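Descriptive structure summary
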Amino acid sequence: MKTLPSIALGTWSWGAGMAGGEQVFGNHTDAESLKSVFEAAYKAGLTLWDTATVYGMGASEDILGGFIKDYPREDFIISTKFTPQIVYFFR
């Protein structure tokens, strides 16, 4: 097992939509505007990424997944979360 990094980069403000950066933080961050953030973090050695299904109703995971697909999977540790209450949003 890898030694866990002492810091994670959070993605709660990534994406729009319910529980996304636009509604929660008042910012609009899409994949295009976040690509340089991701690349700078990767180059700086940040490997632990925090995300959740409810961050932008999946937007943060979609954006992060789109970025890491072009890199070796073993370079990343993804910390994600799930809440059963999310089923109420998809009814």
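Since this is a predicted model, take the numbers as computed values, not measurements. Residue positions are given per chain, counting from 1 as you read along its sequence in written order. This being a predicted model, a pLDDT of at least 70 is required before a residue's local features are given, and a value of 80 or more before pairs of side-chain atoms are given or counted; all residues contribute to the totals for chains, interfaces and linings. Neither water nor hydrogens contribute to the side-chain values; these are computed over all heavy atoms in the structure.

With that settled, consider the confidence of the model for the protein. As a per-residue quantity, pLDDT reports the predictor's confidence and falls between 0 and 100. The share of residues in the protein with pLDDT of 70 or more is 80%, and the mean pLDDT across the chain is 84. Strands are runs of DSSP state E lasting at least two residues, helices are runs of H or I lasting at least four, and both sets are numbered from the N terminus onward. Looking across the protein, the model is least confident in helix 1 (residues 21-24), with a mean pLDDT of 65, and most confident in strand 2 (residues 48-50), with 95.

Between the rings of Phe, Tyr and Trp (Trp by its six-membered ring), a pair exists once the centres lie within 6.5 Å; its type follows the angle of the planes, with under 30 degrees stacked, over 60 edge-to-face, and the other angles tilted. This structure, assessed with the given rule, holds eleven aromatic pairs. Between the aromatic rings of Trp12 and Tyr55, the centroid separation amounts to 5.6 Å while the plane-to-plane angle is 15°, which identifies the pairing as stacked. Note that Trp12 is positioned in the loop between strand 1 (9-10) and helix 1 and Tyr55 in the loop between strand 2 and helix 3 (59-68), a separation of 43 residues in sequence. Categorising residues by exposure relies on relative accessible area from a 1.4 Å probe, with only protein chains included: less than 20% of the type maximum marks a residue as buried, more than 50% marks it as exposed, and the intermediate range marks it as partly exposed. With a relative accessible area of 39%, Trp12 lands in the partly exposed category. A residue is classified by how much of its surface remains accessible, and Tyr55, at 11% relative accessible area, is buried. The interplanar angle of 25° and the centroid separation of 5.8 Å between the aromatic rings of Phe38 and Phe76 together place this pair among those described as stacked. Of this pair, Phe38 sits in helix 2 (residues 31-43) while Phe76 sits in the loop between helix 3 and strand 3 (77-79), and the two are 38 residues apart along the sequence. On the accessibility criterion, Phe76 (4% relative accessible area) is buried.

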